[in-house]
Amino acid sequence: MRIVAEYSFNGGDQIKTKKQRLYGEVVEAIRAVDAHSLEKKTSKEKTMNGVELYSPIEMNKAIKDELGAKGWEPVKIPCQYDLISDEVCQLAQVADEILKCRAKFKTQRLMVEFIAEKLSGCEDLPFKIKSPQAVLKTLKEKGLVCCNRGNNRFSFGKDMQTEDLAPLLTLDFVGYREMDFVKDKVGVEVQFGKYSFMVYNVCAKMTIFKKMGHIEYGIEIVPTKELQKEMSTGVSFYEQFVWDLEQRGVSNIDIPVLVIGIAP
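What counts and what doesn't
Within every chain, residues take consecutive numbers counted from 1 along the sequence as written. Reporting of local features is limited, given that this is a predicted model, to residues whose pLDDT is at least 70; pairs of side-chain atoms are given and counted only at 80 or more, and all residues count toward the totals for whole chains, interfaces and linings. Hydrogens and waters are ignored; side-chain quantities use all the structure's heavy atoms. Runs of E in the DSSP output that reach at least two residues are strands. Runs of H or I that reach at least four are helices, and both are numbered from the N terminus. Expected helix span is taken as 1.5 Å per residue step, with the number of steps being one fewer than the number of residues. Exposure classes here rest on a 1.4 Å probe applied to the protein chains alone. A residue is buried below 20% of its type maximum, exposed above 50%, and partly exposed in between. Each C-beta atom gives one direction from the helix axis, and the arc is the one those directions make. A pair of strands counts as paired when DSSP detects no fewer than two bridges linking them. To obtain an axis, a line is fitted to C-alpha atoms, over the contacting stretch when the element is a helix, and the angle between two such axes runs from 0 to 180 degrees between their N-to-C directions. Only heavy atoms enter the contact rule, under which two residues are in contact if any of them lie within 4.5 Å. One speaks of a salt bridge when a side-chain nitrogen belonging to Lys or Arg is within 4 Å of a carboxyl oxygen belonging to Asp or Glu. Pairs of cysteine sulfur atoms within 2.5 Å are identified as disulfides in what follows. For Phe, Tyr and Trp, where Trp contributes only its six-membered ring, two rings pair if their centres lie within 6.5 Å, and the inter-plane angle classes them as stacked under 30 degrees, edge-to-face over 60, or tilted in between. In this analysis the charged atom, NZ for Lys or CZ for Arg, is taken to sit over a ring once it is within 6 Å of the ring centre and within 35 degrees of the ring normal. In this analysis a 1.4 Å probe is tested at points of a 1 Å grid over the protein atoms alone, and where it fits but cannot get out there is a cavity; an open set with protein on both sides within 12 Å along at least five of seven lines is a pocket; lining residues have an atom within 4 Å of a point. Grid points are joined across faces, edges and corners, and a volume is the space filled by probe spheres set on the points. Gly is put with the polar residues, along with every residue not named as nonpolar or charged; the nonpolar set is Ala, Val, Leu, Ile, Met, Phe, Trp, Tyr, Cys and Pro, and the charged set is Asp, Glu, Lys and Arg. The quantity called bend is, for any residue, the angle between two axes fitted respectively to the seven residues ending at it and the seven beginning at it.

1. Focus: helix α3 (residues 56-69)
1) Next: Between its terminal C-alpha atoms α3 stretches 20 Å, which fits the 20 Å expected from 14 residues at 1.5 Å a residue.
2) Next: Considered for burial, the residues of α3 that qualify are Pro56, Met59, Asn60, Ala62, Ile63 and Leu67. Taken end-on, α3 shows its buried residues confined to a sector of 160°, consistent with a single buried face. Exposed residues pointing more than 90 degrees away from the buried face of α3 are listed as Ile57 and Ala69.
3) Next: Just past α3, the residue Gly71 takes up positive phi, approximately 90°.

The following block contains the structure:
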């Protein structure tokens, strides 16, 4: 594949000098992909029925394989959302009942059984409730389970509060954000999806990862119109994305991002 164009958002072209080696690796990864050898997909869309199109999944995977071979790795950051609905009170009551128990359990299995008993009344809540085993695992990962090594007794952390525990009981309010690749403070997103994903990557996700201390610069790899016209409808393209970034302007929280437009 070849690089057709580049757009420097908020001084994104600094990457070429300040992170010259990493920029070179990204360029090598793109050029190493033979787009014409990738498996295509047969369109079922009415306007392009039967047409052989480039598969975003295959193209995405090919670029990621090349970057992965050069030591670039994905990074996930956990996120915990606030509970704001009426049912929160019931979930908070369950969390409060769990925390009222300051007893020490002889085994972790007994802790699981205790949590299961308290969660048994949550079936009618609109939230997806975690399994008791998953709840205990999360608490242990966060250091909220204490173990007395002398008598091998387990208990809940004394400093844990109801507002800490309640969101951890449900699958709906604990998640993560992931960046495709990060290496030496440079984050890379390979995006062959809808326009909204491109905007989110540059204007939100990369800002979050910068704030969390994972990256200082970003690279967004997207298709140009030349490539997009041989893909399914709904895929955005470099020229459209750049126009919107220029009209939007730069915010004081934006990080330097180099947008790279590619084609076969």
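This is not the end of the story, as more comes after the structure.
2. Focus on the sheet that holds strand β7 (residues 174-183)
1) Next: In space, the six strands of this open sheet follow the order β1-β10-β9-β8-β7-β4, with mixed pairing throughout. In this open sheet, the two strands that pair with only one neighbour each are β1 (2-9) and β4 (73-80). If you compare each strand with its neighbour and ignore which way they point, the axes differ by 30° on average.
2) Next: Each of β7, β8 (186-190), β9 (217-223) and β10 (257-263) touches α3; the most contacted strand, β7, lies at about 65° to it.
3) Next: On the sheet, helix α10 (residues 238-248) packs against β1, β9 and β10 and is oriented at approximately 10° with respect to β1.

3. Considerations on the pattern of salt bridges
1) Next: Here the structure, examined in full by the defined rule, presents twelve salt bridges.
2) Next: With a closest N to O distance of 3.5 Å, Asp184 and Lys19 form a salt bridge. One end of the pair, Asp184, is in the loop between β7 and β8; the other, Lys19, is in the loop between α1 (15-18) and α2 (20-31), with 165 residues separating them in the sequence.
3) Next: Overall, Asp184 belongs to the partly exposed group, its relative accessible area being 43%.
4) Next: Among the residues examined, Lys19 registers a relative accessible area of 13% and is labelled buried.
5) Next: Through salt bridges with shared partners, one network takes in Arg21, Glu25 and Lys183.

4. Here's the deal with the state of the cysteines
1) Next: Counting across every chain of the model gives zero disulfides.
2) Next: Free cysteine Cys79: the closest other cysteine sulfur is in Cys203, separated by 19 Å.
3) Next: With relative accessibility at 18%, the residue Cys79 sits in the buried group.
4) Next: Given a relative accessible area of 18%, Cys203 falls into the buried group.

5. A look at the packing of aromatic side chains
We describe a pair of aromatic rings using the distance from one ring centre to the other and the angle between the two ring planes.
1) Next: Under the defined criterion, the tally for this structure stands at one aromatic pair.
2) Next: Both rings, one in Phe105 and one in Phe114, keep their centres 5.5 Å apart while their planes meet at 45°; by these two values the pair is tilted.
3) Next: Among the residues examined, Phe105 registers a relative accessible area of 11% and is labelled buried.
4) Next: The ring of Tyr176 is capped by Lys76, whose NZ or CZ atom sits 4.2 Å from the centre of that ring.
5) Next: Cation over ring: Lys225 sits above Phe237, and NZ or CZ is 4.7 Å from the ring centre.

6. Looking at the layout of surface pockets
1) Next: Considering only enclosed or pocket space, the largest pocket measures out at about 210 Å³ in volume.
2) Next: In terms of lining, the largest pocket is formed by Pro78, Cys79, Gln80, Lys130, Ala134, Lys137, Thr138, Glu141, Lys142, Val174 and Gly175.
3) Next: The residue makeup of the lining of the largest pocket, split by class, is four nonpolar, three polar and four charged.

7. Considerations on helix α8 (residues 195-211)
Given 3.6 residues to a turn, an α-helix orients residues that are three or four positions apart in the same direction.
1) Next: An ideal rise of 1.5 Å per residue puts 24 Å on 17 residues; α8 measures up with 24 Å between its terminal C-alpha atoms.
2) Next: Maximum bend of α8: about 45°, positioned at Asn201.
3) Next: For α8, the complete set of buried residues consists of Met198, Asn201, Val202, Cys203, Lys205, Met206, Thr207 and Phe209.
4) Next: In the stretch just after α8, Gly213 is the one whose phi turns positive, near 85°.

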